[in-house]
Amino acid sequence: MTNTTVKPDEATRLRNKVVDELCADGNISSPEIEAVMRKVPRHEFTPTDTPLDKAYDTYAAVITRTDEHGVQLSSVSAPQIQAMMLEQAQVKPGMRVLEIGSGGLNAAYLAELVGEDGEVVTVDIDPVVTDRARRLLAQHGYGRVHVVTADAAEPVPDLGEVDVVMVTAGAWDISRAWTAQLKEGGRLVVPLRMRGLTRSVAFTQVEGEHGPYLESDSARICGFVPMQGSNAHREELLLVNGTPEIGLKFDDGLPADPHRLDNAVTFPRHELWTGVTVRIRELIDTLQMAMAISLPGFCTMAVDENSDTGVVAPVNKRFALAAVEDDTFAYLVTRRTEDNKHLEYGVHALGPHAEQFADKIADVLRDWEANRRGGPSPVIRVYPASTPDEQIPADRVIDKVHSRISLSWPSA
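Each chain has its residues counted from 1, running along the sequence as written. With pLDDT at 70 or above as the cut-off, local features in this predicted model cover only qualifying residues; side-chain atom pairs require 80 or more to be listed or tallied, and sums for whole chains, interfaces and linings still use all residues. As a rule here, side-chain values cover all heavy atoms of the structure and leave hydrogens and water aside.

It is worth spelling out the sheet that holds strand E16 (residues 342-350) at this point. Within the open sheet, the seven strands sit side by side as E10-E11-E13-E14-E15-E16-E12. Their pairing is antiparallel. Looking at strand neighbours, the two that pair on one side only are strand E10 (236-239) and strand E12 (270-279), the edges of this open sheet. For this sheet, the mean angle separating the axes of adjacent strands, direction not counted, is 35°. Here strand E13 (residues 298-303) runs beside strand E14 (residues 320-325); their pairing, made up of four bridges, is antiparallel. Within E14, the position partnered with threonine 300 by the bridge is leucine 321. When DSSP locates at least two bridges between a pair of strands, those strands are taken to pair. What counts as a helix is a DSSP run of H or I of at least four residues, what counts as a strand is a run of E of at least two, and both are numbered from the N terminus. Each axis is a line fitted through C-alpha atoms, taken for helices only over the stretch in contact, and angles between the N-to-C directions span 0 to 180 degrees.

Pasting the structure below:
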């Protein structure tokens, strides 16, 4: 027995409530997306034991599959994330859409948006996921969606060119197959991880002087279950001083000589308050990107609560913005201001050059406050891996396996 046979009126009420919230907060701006999210019964695509209030939590995903260690393998994304990415994709009637990562629900939304004259192909590497998606789509009248079990890092056989590629799993790299199957001027929407930070990026394929590349027109903070298969990528963990207490996570390779940090924790912790303040709920996506672009040793820090001795004191022990420079590391902290409405940023640094490195990070924050705060995100461009440096305008280039990703701040 499914939720909809138990409380159909309540499910409809909750679904409309979610859409009302997304329209009010700006995540839904087009009437087409509003209509499909009101129509498709989201709860029918979640596990049957999911309570309705959990299925219709506007800002929370529903996990549908984990491995034997409890690692999340598949989920139904939060309504807020789905609405945001659908808006970024700009899907129109009659389009051909390739979805990477099958859950069923998003494919149903896409099928509604392309209409009878369009086509949706959804691909996932996990046969358990695709079997479930195929069954649910057929049950709810979306049997025309073509469900494929394959590693989507490789070209989908007999697919041809598509107008939109929409990736619904966290990606570290841009597969050549995605761009090869994309029409000129087509759109790619992907939760792309860059230096440990994930953004849902909407790209358009552009024909440049030296060949096609992708250029972003929006990038929004998000979180996703990471991709499996040949495009899977794990962060590398550096345990400071060889103990599990302090872990520094690097997305693009460890420092050249990580052992230089071995004695950093033997130095007194240097603390510097920057005078840079933000509102309690202010988005800091551009601050995160400013650190990732400006600091070569950018990483994130986590503290094992079972081993915590207080050597470091991040506000969030699971995730703190951090950086390494030679024999010294540092991380960001915050404290409430006197009016209790703002947070001030500070820097904690440990190592023989703690004071100098803290000053350098504080300068990045102050530059962000003066020049980037409230402004647009960096422009993200994706080039083939073979592209030489001189053909890539960038403030920071991130080298992946199949691509080179450039981050450039827009002109003032």
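Looking at the element boundaries, aspartate 359 is found in helix H10 (residues 354-371). In this structure the C-alpha to C-alpha distance between aspartate 359 and tryptophan 273, which are 86 residues apart in sequence, comes to 9.8 Å.

Looking at the protein chain, the pLDDT average stands at 91 and 95% of residues meet or exceed 70. Of the regions scoring below 50 in pLDDT, residues 1-6 engages in eight contacts with residues more than four places distant in sequence or in other chains. Confidence of the prediction at every residue is given by pLDDT, a number between 0 and 100. Between two residues, a contact is recorded if the distance between any of their heavy atoms is within 4.5 Å.

In this scheme Phe, Tyr and Trp rings, the latter by its six-membered ring, pair at centre separations within 6.5 Å, and the angle between planes marks the pair as stacked below 30 degrees, edge-to-face above 60, and tilted otherwise. Scanning the model with the defined rule gives one aromatic pair in all. Arranged with centres 5.1 Å apart and planes meeting at 20°, the rings of tyrosine 213 and tyrosine 383 form a pair that is stacked. Placement of tyrosine 213 in strand E9 (residues 211-221) and of tyrosine 383 in strand E17 (residues 379-384) is noted, with a sequence separation of 170 residues between them. No difference in accessibility class separates tyrosine 213 from tyrosine 383, as the two residues are buried. Think of it in three bands: residues with accessible area under 20% of the maximum for their type are buried, residues over 50% are exposed, and the middle band is partly exposed, with areas taken using a 1.4 Å probe on protein chains only.

Bringing the pairing of strand E6 (residues 162-167) into the picture now. Most of E6 sits inside the fold, with six of its six residues counted as buried. Strand direction decides the pairing type here: strand E3 (residues 96-100) and E6, joined by four bridges, are parallel. If you follow leucine 98 over to E6, its bridge partner there is valine 165. Where E6 lies against strand E7 (residues 182-194), four bridges are found, and the strand directions are parallel. Residue pairing in the sheet places valine 164 in a bridge with arginine 187 of E7.

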